[in-house]
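# Fold and contact review
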Amino acid sequence: MLTETMYQDYLACLIKGDRTRCAETVTSLLDRRVEIKTLYLELFQKSLYDVGLMWEANKISVAREHLATAITESLLSLIYPELFAKEEKTRSVVISCAVNEFHQVGGKIVADFCEIHGWDAYFLGANTPMEQLLGFIDEVRPDLIGLSLSVYFNLPRLKKEIRAIQSNFSRTDLMVGGQAFALGGEKMLSSVANINYVPGLDELEGILAHG
Amino acid sequence: MDSSAFVRYLTDHAPILFLTLGRDGSIFRMNRYAARFLGGESAFRYFQDILVNFNDSFDMAEAVDSEDALLLSIASTDGDLQSFYFHFLTQDDCPGTDVLAFGHTDAEDFSLMQGEIVNLNQQLSNMTRDLQKKNAKLEMAMEQVRQLQGIIPICMHCHKIRNDQEIWEQLEAYLYEHTDAQLSHGICPDCMEKYYTED
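Before going into details, it helps to say that this report is about the structure given with it. (Residues numbered from 1 in each chain as written. Chains lettered and ligands numbered in written order. Predicted model: local features only at pLDDT ≥ 70, side-chain atom pairs only at ≥ 80, totals over all residues.)

What follows deals with the overall build of chain B. Check the secondary structure of chain B and you find seven helices and seven strands. For chain B, whose C-alpha radius of gyration is 39 Å, the value lies well above the compact-globule estimate of 16 Å for 199 residues. Along the first, second and third principal axes, the C-alpha set of chain B runs to 130 × 40 × 25 Å. Sorting the 199 residues of chain B into buried and exposed places 12% on the buried side. Summarising the internal contacts of chain B: among those between residues at least 6 apart in sequence, 24% fall at separations of at least 24. (Helix = DSSP H or I, 4+ residues; strand = E, 2+ residues; numbered from the N terminus. Rg over C-alpha atoms; globule rule 2.2 N^0.38 Å. Buried ≥ 20, exposed ≤ 12 C-beta atoms within 10 Å, placed from the backbone. Contact = placed C-beta atoms within 7 Å.)

The structure is reproduced here in structure tokens:
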């Protein structure tokens, strides 16, 4: 139901900053009962990856990249009435961005994806201070914790954060993911025990199904 | 591209306002960017008219004498307001004693705004998410409250309750299913007397 033409049209509007037209596409797909998962995978995630590639190739400015991200975040709220099902959820997950990590949309998409799969997903947002994160985990006592990292240079801070979480909540499963790892950050993880690296939403589905 | 072509390109495309004025502020010429922003040379006769000048304090003669840049706000043809730092340069060596007015935006302003807008958008979208999540939980709780309202058919002898599927179930089972209450066994004084008092 989400055709290539529709996708290309959506992407063009996203880069142009035409939020209204993008919202119309999302609303129309929701009206046609397109699976929410499809919207996350084939519209939001795909377009953000494409926008990122265009920026890397100097085809668009950083301002346009930020605009496209901001529009996408606002479009996610169109999905929320469908996403947060009115049913008891027995498993919970806390998703957060690392300290000094200001790119949050990837983490938010992961949190929403967890909701789709029946998890109660709390999202703490960009640049969450470590004390705040540890305090929240202590309060909620989730079954799973996820940390998102987009910028490679923040890896040392993430490592520190992982150690703090593991020493305070040794029995809680921990996963990490984000674009930083696609650029070589995965090597860092080899020095950290008991951590799941999740390269994408497809792999996340596997973890959520068995979690 | 030679240097004069480069200057022409710059004045046409860079986000700067470049106007040639008379000493009284009358507009003679403007660069392409200014024309796009202001709607063309014929749109205004005087520089003073393009300003959003709330207290009418702008004085052309003072502006020309000032060595500092003046921050002035202008409304575009679309009605958008934008502030520019203006430098006024007299061209004493040119005929007609023209004044060059050169206006540029504050790049720091834009950078600051871009960062803040991204921040605010993130916070707003996180709040929307929290709100929707809480709303879903609230609706779920309301549904439970609704289930416990109204008339509940109860057997006058064994006190079993008839549920939505027309099945009679134990009161304890019904409460367990429809509320968050935990039941703890005990014996009331009447039953204590009835079942445990020796005759």
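How two helices sit against one another is set out by the angle between their axes and by the gap between those axes. Residues and elements named next belong to chain A. Contact pair helix α4 (residues 62–83) / helix α5 (residues 105–116): the axes reach a minimum separation of 11 Å and the direction vectors enclose 15 degrees. As judged from the angle between their axes, α4 and α5 are roughly parallel. α5 is crossed by α4, and the crossing has left-handed handedness. Every residue of α5 that contacts α4 at Thr69, Thr72, Glu73, Leu76 and Leu83 is listed here: Val105, Lys108, Asp112, Glu115 and Ile116. (Axes fitted to C-alpha atoms, helices over the stretch in contact; angles between N-to-C directions. Parallel < 35°, antiparallel > 145°, perpendicular 65-115°, else oblique. Left-handed = near helix turned anticlockwise from the far one by under 90°.)

Residues and elements named next belong to chain A. On the basis of which strands lie adjacent, the open sheet formed by five strands has the order β2-β1-β3-β4-β5 and parallel pairing. The open sheet terminates on both sides in strands that have one partner only, identified here as β2 (119–123) and β5 (196–197). The pairing of strand β1 (residues 91–97) with β2 spans five bridges and is parallel. Residue pairing across strands places serine 92 opposite aspartate 120, the latter belonging to β2. (Pairing = 2+ DSSP bridges.)

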